[in-house]
Amino acid sequence: MDKHSALLWMEDVSKSFPGVQALQNVSLHVGAGEILGLIGQNGAGKSTLMKILSGVYMPDSGEILLGGEPIQIHNPHHAQELGISIIYQELNLMPNLSVMENIFVGREPGLPLFVSRSKLERQTRAILDRMRMHLRPTALVRSLSVAEQQMVEIAKAISRDVRVLIMDEPTSALSETEVETLFDIIRQLRDSGVAVIFISHRLEEVLHICDRVTVLRDGANAGDVAVKATSREELIRMMVGRPLDQFFHRDSHLDESGNSADTVLEARGISRRGTALNPDAVVLDNVSLALKRGEILGLAGLVGAGRTELARVIFGADKRSSGEIWIEGRPAKIQSPVDAIKHGIGLVPEDRKGQGLILKLAVRVNMTLANLDKLSSLDFVQQGAERRVVDDYIQRFEIRTPSPEQRVVNLSGGNQQKVVISKWLMLNPKILIMDEPTRGIDVGAKSEIYELMHELASQGISIIMISSEFPELIAMCDRIICLAEGRVTGEVTREEATLETLMHYCTLREQVVASEEGSAAA
Amino acid sequence: MTSQSISKSTTRKGGTDWSAYASQFGALGVLIIICIIFAVIEPAFVSPINLFNVLRQVSIYGLLALGMTFVILTGGIDLSVGSLLALSGLVAAAVYKGGTGLLSAGTAGQAAGFGLWPAIGAAILVGILGGLLQGSVVSWLKVPPFIVTLGGLTAFRGLALLFSSGQPISTFTDEYKFWGQGMIGPVPVPVIIFLSFAVLAFIILRYTRYGRHVYAVGGNPEAARLSGLKVNNVVLSVYVITGFFAGLSGFLLSSRLNSAEQVAGVGYELTVIAGVVIGGTSLFGGEGGIFGTVIGILLIGVLSNGLTLMNVSPYIQQILVGLIIVFAVFLDQLIKRRR
C-alpha cells in the first residue's frame, strides 16, 4: 500500500502539549476494506492520534491524506463530513431520544422545523436491516443495552457515509456473545469497503478480528505487522520495548526475612459488581492480596483492570459485593472512608483535582482537612498549632507555595500531590494507598515523590502503589500484583518483574487464565 | 502561579488572609460608592437615625441570609425560608396567646397563653424541625435541594394557612413587641440580634472545625468524603441552621408588625439569596462568607432606603435593584478573573 492507494494515510504526525511530546513522527495507514488494530500501553499516544483524526486536536506537523488527497481536519464536524467517525468508549448518545432520532440527529429528513417521522423510520430501518441489527427504530436509547447502544453509534456513522470508522475499546463493556455480534458487524463494514481502526487492550481480539496491527510506544511507531505474521508475544515485546535503564534499583524494603514480616492488611475475596453503565458488569472478581509492614506493593493493570476500583473498595469509598478486609490480623469493618481512616488507611486518589483536593481552598485547609479532630478543641481549630504543623510539612517536603494561604489550584501538579500526601501523613497512617501518584507530574517532582515513598516505607508505612507505568512499578515495588478485568492474573516479586512478564499477566483474559490453570493442573 | 499572587500572599504571611475576602470585596466597593452618592445627593441619608433605620429594615433579611450563607456554601439552596418564617411566626403568636384566630385570646396587653419564652422556643423549634425534614431528604434521599425546598416553600405556606385557619394573630403585649420594635439606647433590638448572630456565624465559619467542613463539602464533596468527613451530616446541618433562623425571624417579624400573618415573608427567599450572592458567595459552593453576606444585605437595604429618601418611584427602585444585583455579581467575577 502506498500514499495514493491507501484510503487513509498519516505520515510523520507530531503533536506536543505543554511539557509533553505526545506524538513524534507517527505514521499510520489503512486501506478500504481493511481492519487495522491499534495497540499500545496507556499513554502511548493512541488517543491523541485518534483525536487528531477526529478533528479534536490539530497536529503540529505531518501529513494526512484521505483517498489520496491531502486534507486538514478542522473540527469534529468537519471530520464527519469527510467520512471519518469515531466511537468512543463512553458512548455519545442522547438517552431520552429514540434510536432513529439519535441516528439522524441534526440531519432529520422533512421540512425545516418539521420532522417526517415516517421517512425517519424508513431510512433508519434501511440501515438497520442492511447491517442486520435487530433494533426497533422507535425504541428509546435509554432502554438499550450497552452493546445495542454501540450498534446505534455504528448505524449513525453508516448513515453519514462513513469511510473510516475508529472504535476505541469497543468490547470493554460487552459480553462474549455481544463481542461476536459486534465482530460480525465490523466484518460487514469491512466487506462494504469501510476502513476500520480497532483500538483495544485485548490482544486476543486484535489477533482475531484485525488484518494488520500498528503498535505505538511512547508517542512513536513501534511496529506495523500483518496479523498472520505475528504473535501475542511479539506484540507485547513491541508494546513494552524500552530497556529499563532510566530507573535506579534499590534494595528491598523488607528485612532479609521478608516473608515472615507482619501482614498489615489483607483483602480476602473482594468482589464488586455493577458500574454506572452496566449493573451486571463484574468490576472486581474474588480479589485477594496481603500487604506487609514497610512494603511497597504494586498493582499493575491496563485501563479497566480494576486497580482503582480495588483501591476504592479497600478504602471504603465504594461498596463491595462480597469479601473481607483484615487489618493486622483482625477483621476490619470498613464501610466508609471514615472507617478506613480509623484503621490507619489513607488514599491518595488517582484524580488528584477531582477527589484529592478542594482546589478553591488554601493549602493549609487542604492539608489539615482529615486531621482537624486533633487540631481542634471545643471545635475551635487551634490556629497556632495548625500553622506550625502546616509550615512543618511545607518545609519538610519542600512544597513550593508562596504561602500556606495560597489556593491549591495555583500550585503545580507535584506540589499539589505533596499536599495530598501531607494530609495523610499528619494522621500517622499505617497504610497508604497511592493511585497513580506521579501522573501529570514533571520529572523532577516525580523523583521527589519516589524518594518520599521510599522514606515512608523505611519508616514502616506500608504502601499500595497503583501505576500505569510498568517501569515505575518495577523500580519502586517489592512485589507486584497484576490485574486484568477485575481478577488477579499474576503476582511477581521484584526479582521476577520485567516489562514482558507484567504485560503478559495484564493482558491475560479470563479463558486464558482458566486454560493456563487447567494446563498447570494437568 | 502568577507573580501577582505570590507578592499578595507573602505580604500577609502569618496574619489574616485578606485574599480570602477578595471575593467579598466587589459588593463592598459597590456599597461604598452608593453610600457616597446618596450622602452627596441627600445628606439626611447619613444621619444616625436613618442609618439605624436601614439596619432595622434589613435585620430580618439579614438573619435569614446568615443561614442561607451556610446552605449556599455547601452548594445547596433553601427556597422555603419565607414560608417557614410565616409558619413559625404564627406558632409563636399562638403559643403566646394560647390559641389561634383573632378571638382566641382576649385583648391586647393580656397574655393568656404560655408566656414569651415558650413562644420564642416554639417558633425556633418549628423552624428547626422544618429544616431537619428538608435536610434529611436532601442528604439521605439525595433529592436536589432546589426541589426539596421548592416543595417546602409551598407546603409550609399551606401549613401556615391551615394552622391559623387563614386568620392573622395580632396585638401583643409590650414584652412581645419589644423584640421587634424596642430599642436599647439608640440601637433597635432586631439590629442587635442580627449583628450578634452575624458575629457568631462569622466565628463558626471561620474558626471552627464545623465551618471548615461546610466549606470543604461545598468545595468538593467527593474529596471531603474521601478525607473522612461525614458529608451527609454536614449537608443536613445547614438546613437545620436556615430553619433555626427562619424560626427566629418568624417570631421577630410578628413582634415587629404586632401581627403574625400567613402572608408574612412572601418572596423573602429571593431577596435573601440575592443578598448572599451579591456578597460574593458562590452558588456552586465553597466560596464566600458571612462578611460578604452582611455587605450584600446592607447593599439591598441601603438602595431601597436611599432611593425612597430621594423620592424615586418604587417602580423604578425595583428596576435599579435588579440592575445592581447583576452589576455587583459581574464586578465580583471580574475581580476573581484578575486573581
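Everything quoted here is computed from the prediction, not taken from an experiment.

What follows concerns the overall build of chain A. Regarding its fold elements, chain A presents 19 helices and 22 strands. Radius of gyration (C-alpha) of chain A: 25 Å, near the 24 Å computed for a compact globule of 522 residues. Principal-axis analysis of the C-alpha atoms places the extent of chain A at approximately 70 × 60 × 45 Å. Within chain A, the proportion of its 522 residues that are buried is 47%.

With that settled, the discussion passes to the sheet that holds strand β20 (residues 462–466) of chain A. Residues and elements named next belong to chain A. If you walk across this open sheet you meet the six strands as β16-β19-β20-β13-β21-β22, and the pairing is mixed. Each edge of the sheet is formed by a strand with only one pairing partner; in this case those strands are β16 (345–348) and β22 (487–493). Put simply, the sheet's adjacent strands are angled 20 degrees from each other on average, direction ignored. Pairing between strand β13 (residues 296–300) and β20: four bridges, direction parallel. Within β20, the residue paired with L299 across the bridge is I466.

Residue and element names in this part refer to chain A. Sheet architecture is open: six strands sit in the order β6-β7-β8-β3-β9-β10, paired in mixed fashion. In the strand order of this sheet, the two ends are held by β6 (84–87) and β10 (220–226), each with one partner. Ignoring strand direction, the axes of neighbouring strands in this sheet form an average angle of 20 degrees. Of the strands in this sheet, β6 and β7 (164–168) are in contact with helix α5 (residues 146–159), which crosses β6 at around 175 degrees.

This part is about the interface of chain A and chain B. With 27 residues of chain A in contact, the opposing surface of chain B contributes 26 residues. Of all elements in the fold, only α10 (337–342), α11 (352–356) and β18 (380–381) of chain A reach the threshold of two or more residues within the side of chain A that touches chain B. Classifying every residue of the side of chain A that touches chain B by side-chain character gives 16 nonpolar, seven polar and four charged.

What follows is about the confidence of the model for chain A. Residues and elements named next belong to chain A. This prediction gives chain A a mean pLDDT of 86; 93% of its residues lie at or above 70. In this model, residues 256–260 is a region of pLDDT below 50 whose contacts with residues beyond four sequence positions or in other chains number one contact. Confidence drops under pLDDT 50 across residues 518–522; counting only partners more than four residues distant or on other chains, this segment forms zero contacts.

Right, let's talk about the environment of L357(A) for a bit. For L357(A), the location among the structural elements is in the loop between α11 and α12 (363–368). The exposure class of L357(A) is buried, given the 28 C-beta atoms found within 10 Å. In this structure the C-alpha to C-alpha distance between L357(A) and A305(A), which are 52 residues apart in sequence, comes to 25 Å. For L357(A), the residues in contact, after removing those within four places along its chain, are R352(A), N366(A), V408(A), Q416(A), V419(A), V420(A) and A223(B).

All names here are of chain A. If you check the domain split of chain A, you get domain 1 (1–83 + 162–241), domain 2 (91–161) and domain 3 (258–521). Just the C-alpha atoms count here: the centres of domain 1 and domain 3 sit 33 Å apart. Of all the elements in the fold, those that place two or more residues in the side of domain 1 that touches domain 3 are α7 (203–209) and α8 (232–240). For the side of domain 1 that touches domain 3, the leading source of residues is α8, giving four residues. Of the residues assigned to the side of domain 1 that touches domain 3, the class counts are five nonpolar, five polar and three charged.

The next point concerns the confidence of the model for chain B. Residue and element names in this part refer to chain B. Within chain B, residue pLDDT values average 86, and 87% of them lie at 70 or more. Between residues 1–20, whose pLDDT stays under 50, and residues either more than four places distant or in other chains, the model counts 21 contacts. Per-residue pLDDT stays below 50 along residues 105–109; that stretch engages in nine contacts with residues further than four places along the chain or on separate chains. Model confidence for the complex is summarised by a pTM of 0.78, with the ipTM given as 0.81.

This brings us to unusual backbone geometry. All names here are of chain A. Not every positive phi belongs to a glycine, and N286 is a case in point at roughly 55 degrees. Within the secondary structure, N286 sits in strand β12 (residues 282–292). A positive phi angle, close to 50 degrees, is found at E436, a residue other than glycine. Within the secondary structure layout, E436 lies in the loop between β19 (431–435) and α16 (443–458). Taking the number of C-beta atoms within 10 Å as the measure of exposure, E436 has 23 and is therefore buried.

Turning our eyes to something else, we now look at the nonpolar core. In this structure, V196(A), F198(A), I433(A), L64(B), A92(B) and L299(B) are the most contacted members of the largest nonpolar core, which totals 256 residues. Other than its neighbours up to four places away in sequence, I433(A) contacts A311(A), I314(A), F315(A), I345(A), G346(A), L347(A), V348(A) and I464(A).

Bringing the environment of F156(B) into the picture now. Residues and elements named next belong to chain B. Inspection of the secondary structure assignment puts F156 in helix α6 (residues 145–164). It is 34 Å that separates the C-alpha atoms of F156 and F330, two residues lying 174 residues apart in sequence. The contacts of F156, once residues within four sequence positions are left out, are S80, S83, L84, L87 and G130.

Right, let's talk about the packing of helix α4 (residues 81–97) of chain B against helix α11 (residues 231–257) of chain B for a bit. Residues and elements named next belong to chain B. The geometry of α4 relative to α11 is characterised by a closest axis approach of 7 Å and an angle of 55 degrees between their N-to-C directions. Taken together, α4 and α11 sit at an angle that is classed as oblique. As for how α4 packs across α11, the hand of that crossing is right-handed. Of α11, the residues touching α4 (which contributes V81, L84, L85, A86, L87, S88, G89, A92 and A93) are T242, G243, A246, G247, S249, G250, F251, L253 and S254. Residue composition of the contact of α4 with α11, grouped by class: ten nonpolar, eight polar and no charged.

If a strand is regular, its side chains alternate between the two faces of the sheet. Residues and elements named next belong to chain A. In this structure, strand β1 (residues 8–17) lies alongside strand β4 (residues 61–66), joined through five bridges in antiparallel fashion. From the neighbouring strand, S14 faces β4, where its bridge partner is S61. In this sheet, strand β5 (residues 69–70) lies alongside β4 in antiparallel orientation, the contact comprising two bridges. Among the inter-strand pairings, L66 is bridged to a residue of β5, identified as E69. Counting the residues that bridge the hairpin from β4 to β5 gives two residues, and of these G67 lies at a positive phi of roughly 60 degrees.

Thresholds applied
- Residues numbered from 1 in each chain as written.
- Chains lettered and ligands numbered in written order.
- Predicted model: local features only at pLDDT ≥ 70, side-chain atom pairs only at ≥ 80, totals over all residues.
- Helix = DSSP H or I, 4+ residues; strand = E, 2+ residues; numbered from the N terminus.
- Rg over C-alpha atoms; globule rule 2.2 N^0.38 Å.
- Buried ≥ 20, exposed ≤ 12 C-beta atoms within 10 Å, placed from the backbone.
- Pairing = 2+ DSSP bridges.
- Axes fitted to C-alpha atoms, helices over the stretch in contact; angles between N-to-C directions.
- Contact = placed C-beta atoms within 7 Å.
- Nonpolar A, V, L, I, M, F, W, Y, C, P; charged D, E, K, R; others polar.
- pLDDT = per-residue confidence, 0-100.
- Domains from an automatic or database assignment.
- Core = buried A, V, L, I, M, F, W, Y, C linked by C-beta atoms within 7 Å.
- Parallel < 35°, antiparallel > 145°, perpendicular 65-115°, else oblique.
- Left-handed = near helix turned anticlockwise from the far one by under 90°.

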